[in-house]
Amino acid sequence: MKRAASFFVVIILLITCTGAISACAGLNRYSYTFLGAFDTSVTITAFCKNESDFEKLCTTVEAEMLSYHRYFDIYNTYEGITNLKSINDNAGKGAVEAAQEIIDLLNFGISMHSYSEGRLNIMFGAVLSIWHEYRENGINSPDSAVLPERSELLRASEHCDIGSLIVDSEAGTVEITDEQASIDVGAIAKGFAVERVCDTLMELGYDGVLINAGGNIGTIGTKPGGEEWNTAVQNPFVIYENLSGADAIPSGVTGSENITYKSIAGQSLVTSGDYQRYYTVDGIRYHHIIDPETLFPADYVKSVTVCVGSSELADALSTMLFLMPPDEAIEFAEGSDSIDLEVFIVKATGETLSTQGW
């Protein structure tokens, strides 16, 4: 999961609400933030009749988000449950029983592997774990930061076959047939959890809710009176204001905090960027989104923001499109007739591209 220490909130929530709107609807605006789920902050904003109703809503969200965090954690085990780390530890040793939450997540991951033509691979753990180790060491000891050897990455890439993951939905079991393979769901887990929590809240009858899980935004309905939720996408160059050389803000690029805005209702907004998690080697930054073709950080763009109806899909697609040349990513999004997909891309030059509907 993503460490809060190196995670930058990508999408900054801008909530505007007049007292007149709230009073007219007989609702009040409440907000609550908690830590611990997916190693980031989760903020709940909702319009409720009273504080008691809001507290019940927050109790539900916090409990479910923390539950999903434990199930999808690949670094820690928890007493009384089988989670993804348990499954990874059992690689090559046969099938293990898994909760429905894990079965559903892995089936979604398998479907996204096909949809993305292999760009999004939840069995890429053998390679990603190497980068994770080198990045952690580089962050903790910057003077001794180094890159993984290509030969090490190539050996690991031989153990990333999606076919080594067997999910038996009927039996409720998961098996990794390759003992050196491992699951990594960093590209889909948080979005999946936010989507499922929103589903629960809708089943309970809640409306007018926004959940911001470390920049992964999911919404239920609108604000009172039908007003949409206003969100802003962070300018990926803002963190480079005091840097020079390759990391300096390109000439002509604004240094403002936000680079674009989007109003949403019942939709999700997620950004993948090269400035969220990274470490530096010999003055060059190496981020966490690894291209399965090169086995090194993708270098097509600075950030990709996706707006779509599903949080789990938004999370997955933001990573998938980050791994594509920008023109190809926009062409893909414009041709996605089966889903209402809008995309905003920031290139390394500061130039921006977007779908027509953005």
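Only a predicted model underlies this, so the values are computations on that prediction, with no experimental measurement involved.

Conventions we followed
Residues numbered from 1 in each chain as written. Predicted model: local features only at pLDDT ≥ 70, side-chain atom pairs only at ≥ 80, totals over all residues. Heavy atoms only, no water. Helix = DSSP H or I, 4+ residues; strand = E, 2+ residues; numbered from the N terminus. Areas by Shrake-Rupley, 256 points an atom, 1.4 Å probe, with all protein chains shown as cover. Salt bridge = Lys/Arg side-chain N within 4 Å of Asp/Glu carboxyl O. Buried < 20%, exposed > 50% of the residue type's maximum accessible area, 1.4 Å probe, protein only. Expected span 1.5 Å × (residues − 1). Pairing = 2+ DSSP bridges. Contact = heavy atoms within 4.5 Å. Axes fitted to C-alpha atoms, helices over the stretch in contact; angles between N-to-C directions. Polar contact = N/O pair within 3.5 Å; in protein donor to acceptor, adjacent residues only side chain to side chain. Parallel < 35°, antiparallel > 145°, perpendicular 65-115°, else oblique. Left-handed = near helix turned anticlockwise from the far one by under 90°. Nonpolar A, V, L, I, M, F, W, Y, C, P; charged D, E, K, R; others polar. Core = buried A, V, L, I, M, F, W, Y, C linked by side-chain atoms within 4.5 Å. Phe/Tyr/Trp six-rings, centres within 6.5 Å; stacked < 30°, edge-to-face > 60°. Lys NZ or Arg CZ within 6 Å of the ring centre and 35° of its normal.

Peer 1: Kindly report on the overall build of the protein, identifying the contributing residues and their values.
Peer 2: Tallying secondary structure elements over the protein gives 9 helices and 16 strands in all. Just so you have it, the protein exposes about 15,300 Å², and 46% of that area is on carbon and sulfur atoms.

Peer 1: Run through the pattern of salt bridges, naming residues and quoting values.
Peer 2: Under the defined criterion, the tally for this structure stands at 7 salt bridges. A salt bridge links Arg285 to Asp274; the nearest nitrogen and oxygen atoms lie 3.8 Å apart. One end of the pair, Arg285, is in strand β13 (residues 284-287); the other, Asp274, is in the loop between β11 (268-273) and β12 (278-281), and 11 residues separate them in sequence. Grouping residues by exposure puts Arg285 and Asp274 together as buried. Overlapping salt bridges, with partners in common, bring together Asp274, Arg285 and Lys302 in one network.

Peer 1: Lay out helix α7 (residues 189-203) in plain terms, naming residues and giving numbers.
Peer 2: Here α7 spans 21 Å end to end across 15 residues, near enough to the 21 Å set by a 1.5 Å rise per residue. With 11 of 15 residues buried, α7 lies mostly within the body of the structure. Listed as buried for α7 are Ala189, Lys190, Gly191, Phe192, Ala193, Val194, Glu195, Val197, Cys198, Thr200 and Leu201. Positive backbone phi, approximately 95 degrees, marks Gly205, located one or two places after α7.

Peer 1: Explain the sheet that holds strand β5 (residues 165-168) residue by residue, including any values.
Peer 2: Spatially, 3 strands are ordered β4-β6-β5 in an open sheet, and the strand pairing comes out antiparallel. Here the strands that pair on one side only, and so sit at the sheet edges, are β4 (96-97) and β5. Both β5 and strand β6 (residues 173-176) contribute to a ladder of 4 bridges, which runs antiparallel. Residue pairing for β6: Leu165 is matched across the bridge by Ile176. The strands that helix α4 (residues 100-115) touches are β5 and β6; relative to β5, the one it contacts most, it runs at about 130 degrees.

Peer 1: Quick one: what's the story with the sheet that holds strand β15 (residues 342-346), residue by residue and with numbers?
Peer 2: Read from one edge to the other, the open sheet built from 8 strands follows the order β2-β3-β7-β8-β11-β14-β15-β16, with strand pairing classed as antiparallel. Two strands bound the open sheet, and with one partner strand each, they are β2 (28-35) and β16 (352-354). For this sheet the average axis-to-axis angle between neighbouring strands, irrespective of direction, equals 10 degrees. Where β2 lies against strand β3 (residues 41-48), 8 bridges are found, and the strand directions are antiparallel.

Peer 1: Residue-level account of the side chain of Asn212, with values.
Peer 2: Within the secondary structure layout, Asn212 lies in strand β7 (residues 209-213). Looking at Asn212, the relative accessible area reads 9%, which means it is buried. One polar contact links the side chain of Asn212 to the main-chain amide nitrogen of Gly215, over a distance of 2.8 Å.

Peer 1: Pulling in residues and values, what's your account of the pairing of strand β14 (residues 303-308)?
Peer 2: Among the 6 residues of β14, 6 are classified as buried, and the element is accordingly described as predominantly covered. In β14, alternate side chains face the same way, and those of Ser303, Thr305 and Cys307 on one face and Val304, Val306 and Val308 on the other are all buried. Of the pairings in the sheet, the one linking β11 to β14 comprises 6 bridges and is antiparallel in character. Among the inter-strand pairings, Gly273 is bridged to a residue of β14, identified as Ser303. The sheet contact formed by β14 and β15 spans 5 bridges and is antiparallel. Each bridged residue has a counterpart across the sheet, and for Val306 the counterpart in β15 is Val343.

Peer 1: Account for the packing of helix α2 (residues 51-72) against α4, with residues named and values stated.
Peer 2: Angle between the axes and distance between the axes: these two values describe a pair of packed helices. At a minimum axis separation of 10 Å, α2 and α4 run at an interaxial angle of 70 degrees. With respect to their mutual orientation, α2 and α4 come out roughly perpendicular. The two elements α2 and α4 cross, and the hand of that crossing is right-handed. Note on element contacts: α4 touches α2 through Glu101, Ile102 and Leu105, opposite Tyr68, Tyr71 and Phe72. A breakdown of the residues in the contact of α2 with α4 according to their chemical character gives 5 nonpolar, no polar and 1 charged.

Peer 1: Account for the pairing of β13, with residues named and values stated.
Peer 2: Direction of pairing for β12 relative to β13: antiparallel, over a ladder of 4 bridges. Directly across from Tyr278, in β13, lies its bridge partner His287.

Peer 1: Go over the nonpolar core with me, naming the residues and quoting the values.
Peer 2: Counting residues in hydrophobic clusters, the biggest one holds 75 residues, and the most contacted among them are Met65, Phe72, Leu84, Leu106 and Val185. The biggest single contributor to this core is α2, with 8 residues. In this structure, Val127, Ile130, Leu295 and Phe296 belong to the second largest nonpolar core, which totals 17 residues.

Peer 1: Now, about the packing of aromatic side chains: what can you tell me, with residues and values included?
Peer 2: Per the counting criterion, the structure on display carries 10 aromatic pairs. Seen from their ring centres, Tyr30 and Phe54 are 5.3 Å apart, and the 20 degrees between their planes marks the pair as stacked. With Tyr30 in strand β2 and Phe54 in helix α2, this residue pair connects regions lying 24 residues apart in the sequence. Under the relative-accessibility criterion, Phe54 is labelled buried at 5%. For Lys262, the ring lying beneath its charged end belongs to Trp358, and the centroid distance is 5.1 Å. Between the NZ or CZ atom of Arg285 and the centre of the ring of Tyr278, over which it lies, the distance is 5.1 Å.

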